[in-house]
Amino acid sequence: MPVTRPVTMRGAILHAVGDDRLDIRDDITVTPVGPGEVRVRVRATGVCHSDLSVLTGVLPQPLPIVPGHEGAGEVVEVGDGVTTVSPGDHVIVNWTPACGDCPSCRAGQPNLCMTYMMKGFTEPRFRFGGGTPAFGMAGCGTWAEEIVVPWQGAIAVDPDVPYEVAALIGCGVTTGVGAVLNTAKVRPGATVAVVGCGGVGLSVIQGARISGATTILAIDPLESKHALALKVGATHACTPDQVTEAIGALTGGQGFDHGFEAVGRSAAIMTAWRATRRGGDVIVVGAGAVDDQVPLNAFSLLFEGKNILSSLYGGADVRRDFPRFVNLYKAGRLDLDSMISSRIRIGDLNEAVAALRGGEVLRQIVLFD
């Protein structure tokens, strides 16, 4: 087995929450591969809203840190005991590796496993500037050319799937489509409202289309996003201030069977709540801030009979769902190419983050040589 040597590479470092710019440098090294671990050369990684939430402190992470968690690449090296992948394999990065033995894993909820997630807060995976330790976002850090993850964090994928598509499946697609198929279990003929038309919201819309929903309302304040939402599966689109009118026109005033929130803000959750019929499901998909309170009253919680469901990482078992979503893409049922707004290089990350803050872009994909 080859011995890992500390080869310097390019990557992005966030030194402090609120920094105006990432520190993009070329003297980063990744920790050696240990037993049960895999070294992956990142080929493509997304610029996801959750990455922005790390930069702003909405999602607390240890610092300094290499952001990035939505990625795909090629296995370079495996540690002792790894049998699931080999050097040369194409893999999707799984940012919530399942240990298989904690209460969540034993309950059939591997997406809730915190074993390796917590290690990401205590074990820095990178060094820079001659030895300064840096952590990887969610234990990953895909905004660097190479990462080391547990073997459960590298899921083999067909090599004919483009890396940029595989990267999308690593987070946004699994989060959104999974929320529909795994959490809400939307059935043919259902009506669906989706609040937020970013990468995750568009994935929810596609999941609803695949499930056979007959009415799919896309809700976003930016009308520029409505056209793509309609292209990938929404039957109607409106802004938040038009929701009441849409409920009347599309559901006879009853509300939708399922209301998905894909923004991560209490106001968006309340929009989804208002759009959902009595006895329907409100599915919270977006990652919100710890101090953002949802103003629901006890009377409504009981007498409207609505079910509030959380959908972390689309309720996914990635060993099952990554290949499933790959097959849907290859069959032409998941339009992932349309969701990529631009392909950039690692040196463009500061501009990409600024564009993400502006809200107009969907998924920007960093491609590595």
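Parameters and conventions
Residues numbered from 1 in each chain as written. Predicted model: local features only at pLDDT ≥ 70, side-chain atom pairs only at ≥ 80, totals over all residues. Heavy atoms only, no water. Buried < 20%, exposed > 50% of the residue type's maximum accessible area, 1.4 Å probe, protein only. Helix = DSSP H or I, 4+ residues; strand = E, 2+ residues; numbered from the N terminus. Pairing = 2+ DSSP bridges. Core = buried A, V, L, I, M, F, W, Y, C linked by side-chain atoms within 4.5 Å. Contact = heavy atoms within 4.5 Å. Salt bridge = Lys/Arg side-chain N within 4 Å of Asp/Glu carboxyl O. Axes fitted to C-alpha atoms, helices over the stretch in contact; angles between N-to-C directions.

Undergrad: What should I look at first to understand the pairing of strand β1 (residues 9-13) in this one?
TA: When a strand is regular, its side chains alternate between the sheet's two faces. Across the 5 residues of β1, 4 count as buried, placing the element largely inside the fold. Relative to strand β2 (residues 23-30), β1 runs antiparallel, the two sharing 4 bridges. Looking at the pairing, Ile13 lines up with Asp23 of β2.

Undergrad: Sorry, what's going on with the nonpolar core here?
TA: Across soluble globular proteins, nonpolar side chains have a tendency to be buried as a group. Among the nonpolar cores identified, the biggest contains 100 residues, and Phe126, Ile169, Leu202, Ile205, Phe260, Leu334 and Leu336 are the most heavily contacted of them. Here this core takes 11 residues from helix α4 (residues 163-184), the largest share from any one element. When residues no more than four places from it in sequence are discounted, the contact partners of Leu334 are Val173, Val177, Gln206, Arg209, Ile210, Phe325, Leu328 and Tyr329. Counting residues in each nonpolar core, the second largest holds 15 residues, with Ala193, Cys238, Ala246 and Met270 among its members.

Undergrad: What's the story with unusual backbone geometry in this structure? I'm lost.
TA: Residues apart from glycine generally show negative phi values, whereas peptide bonds are mostly found in trans. Cis geometry marks the peptide bond from Leu63 to Pro64; its omega dihedral reads -10°. Position of Pro64 relative to the elements: it lies in the loop between α1 (49-56) and β4 (65-66). Positive phi is not limited to glycine here, since Lys185 has a value of about 50°. Along the chain, Lys185 falls in the loop between α4 and β11 (191-195). Owing to a relative accessible area of 55%, Lys185 belongs among the exposed residues under this scheme.

Undergrad: Is there a simple way to think about the environment of Asp51 in this case?
TA: Tracing the chain through its elements places Asp51 in helix α1. For Asp51, a relative accessible area of 0% puts it in the buried group. Distance from Asp51 to Gly359, taken between C-alpha atoms, is 14 Å for residues 308 residues apart in sequence. Excluding residues within four positions of it along the chain, Asp51 makes contact with Gly46, Gly68, His69, Met137 and Trp143.

Undergrad: What should I look at first to understand the pattern of salt bridges in this one?
TA: Any two side chains of opposite charge can pair, so long as their charged atoms come close to each other. Counting across every chain of the model gives 18 salt bridges. The shortest N-O distance in the salt bridge between Asp158 and Lys330 comes to 2.9 Å. Residue Asp158 is found in the loop between β10 (154-156) and α4, and its partner Lys330 is found in helix α10 (residues 318-330); the two are separated by 172 residues along the sequence. Each of Arg39, Arg41, Glu77 and Glu146 takes part in one network of salt bridges that share partners.

Undergrad: Just to check I follow, could you spell out α1 for this structure?
TA: Given 3.6 residues to a turn, an α-helix orients residues that are three or four positions apart in the same direction. Of all 8 residues making up α1, 6 are buried, and the element is well covered by its neighbours. Here α1 has its buried residues at Ser50, Asp51, Leu52, Ser53, Val54 and Leu55. Elements that come into contact with the buried residues of α1 comprise β3 (37-47), β4 and α11 (349-358). Following α1 by one or two positions, Gly57 adopts a phi angle in the positive range, close to 90°.

Undergrad: Help me out: how do you make sense of the sheet that holds strand β13 (residues 236-238) in this one?
TA: The strands making up a sheet are joined through hydrogen bonds of the backbone, oriented either antiparallel or parallel. The strand order across the open sheet built from 6 strands is β13-β12-β11-β14-β15-β16, with neighbouring strands paired in parallel fashion. Each edge of the sheet is formed by a strand with only one pairing partner; in this case those strands are β13 and β16 (307-310). Along the sheet, successive strands turn relative to each other by an average axial angle of 20°, direction set aside. In this fold helix α7 (residues 243-251) packs onto β12 (215-219), β13 and β14 (256-261), with an angle of close to 175° to the strand it touches most, β12.

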